[in-house]
Amino acid sequence: MRRQFTGWPEQAMDVLWQLQGEPTHATRERYRADRERLVRQPMIALLNEVADTDPRYEDFSVWHYRTDAWWWQHQGAVIRLGRKIEIGLRFSLDGLRIQGAWWYPDPGQVDMFRKAVAAEGSGRELSAIVEDVRKKGYDISGDVMKRPPRGYPTDHSRANLLRHRSLIAARPLGCEQWLHTPEAVDRVLSAAADLDALLMWLVRHAKRTA
């Protein structure tokens, strides 16, 4: 049963608007309490409800503010699913954005990823998953080499995936009225379901313990 998240108040957009550009220290301090109450705390409430729905999403963090103005203008959060494998959320004047990412890899993770991409079974599976995610409207990006890595043929059928040293699928969820209602929880869960096959593949094949 929903207990916490009722949506971002419409005043949250007003606060973020006041923090656009290069807000002075005095401006940031003036809006700090309102930003915490209207922008950051709703993100925490949303992720608590997401975690209540699926315990795999219990390990999350909601960022505080930093010295760079960008962090005051965008409220970020991550849900960790494995080492360097996570769902990222970002709330701003543009609305809510989600991404599934394997990035900033630990030593050895890139090699594990490449071996799984090159293997016929797991590689074909990932290729199909990425194509499906792309068809759902997600942009596929990452740290991509200009050519396949040494040791793999340049004409490999999955050469494009082999070039990746990170893999990110992202799309905006929108900036409509549902942001200000509990429906945002369902929107996030639906997008997380879109990304589930990709992220679980990465957990199986690129996860590395600390």
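One structure accompanies this document, and this report is about it. These figures come from a predicted structure and were not determined experimentally.

This paragraph deals with the pattern of salt bridges. By the definition in use, this model includes 18 salt bridges. Measuring nitrogen to oxygen at the nearest pair gives 3.6 Å for the salt bridge that ties E120 to R158. With a gap of 38 residues between them, E120 in helix 5 (residues 120-135) and R158 in the loop between strand 5 (139-141) and helix 6 (159-162) connect regions that are remote in the sequence. Residue classification places E120 among the partly exposed residues on the basis of a relative accessible area of 43%. In the salt-bridge network here, residues are joined through shared partners; they are D132, K136, R171 and D194.

Relative orientation of the contacting elements helix 4 (residues 109-118) and helix 5 amounts to 95 degrees, with a least axis distance of 5 Å. Relative to helix 5, the element helix 4 lies roughly perpendicular. Where helix 4 approaches helix 5, its residues F113, A116, V117 and A118 are matched on the opposing element by E120, S122, G123 and L126. Counted by class, the contact of helix 4 with helix 5 contains 5 nonpolar, 2 polar and 1 charged residues.

Below, the discussion takes up unusual backbone geometry. In this model, K84 sits at a positive phi of 65 degrees, which is unusual for a non-glycine residue. Tracing the backbone through its elements, the reader meets K84 in the loop between strand 2 (75-82) and strand 3 (85-92). Note on K84: relative accessible area 29%, which makes it partly exposed. Here the phi dihedral of Y104 falls at roughly 45 degrees; this positive angle occurs in a residue that is not glycine. If you trace the backbone, Y104 turns up in the loop between strand 4 (95-102) and helix 4.

Take helix 5 next. A rise of 1.5 Å per residue sets the reference length of helix 5, with its 16 residues, at 22 Å; its end C-alpha atoms lie 23 Å apart and thus fit the reference within 8%. Among the residues making up helix 5, those that are buried are S122, G123, L126, I129, V130 and V133. Seen from one end, helix 5 has its buried residues packed into an arc of 125 degrees, which puts them on one side. Along helix 5, exposed side chains directed more than 90 degrees from the buried face belong to G121, R124 and K135. Residues of helix 5 that are buried in the fold lie against helix 4, strand 5, helix 6, strand 6 (167-174) and helix 7 (183-206). Just downstream of helix 5, G137 is the residue with a positive phi angle, here 100 degrees.

What counts, and where the lines are drawn
- Residue positions within a chain follow its written sequence, with the count starting from 1.
- Where local features are concerned, this predicted model is filtered to residues with pLDDT of at least 70; where side-chain atom pairs are given and counted, the filter is 80 or more; whole-chain, interface and lining totals use all residues.
- By convention in this description, side-chain values take in all heavy atoms of the structure and omit both hydrogens and water.
- A pairing counts as a salt bridge when a side-chain nitrogen of Lys or Arg comes within 4 Å of a carboxyl oxygen of Asp or Glu.
- The helix and strand labels rest on DSSP assignments: H or I over at least four residues marks a helix, E over at least two residues marks a strand, and numbering proceeds from the N terminus.
- The rule is simple: take the accessible area with a 1.4 Å probe, protein chains only, and divide by the maximum for that residue type; under 20% is buried, over 50% is exposed, in between is partly exposed.
- Helix axes use the C-alpha atoms of the stretch in contact, all axes being lines fitted to C-alpha atoms, and the angles between their N-to-C directions lie in the range 0 to 180 degrees.
- Here roughly perpendicular refers to angles of 65 to 115 degrees, roughly parallel to angles under 35, roughly antiparallel to angles over 145, and oblique to all remaining angles.
- Residue contacts follow a heavy-atom distance rule, with two residues in contact if any of their heavy atoms lie within 4.5 Å.
- Each residue is assigned to one of three groups, with Ala, Val, Leu, Ile, Met, Phe, Trp, Tyr, Cys and Pro labelled nonpolar, Asp, Glu, Lys and Arg labelled charged, and all others, Gly among them, labelled polar.
- An expected span of 1.5 Å times one less than the residue number is assigned to each helix.
- Taken from the helix axis, the directions to the C-beta atoms give the arc we talk about.

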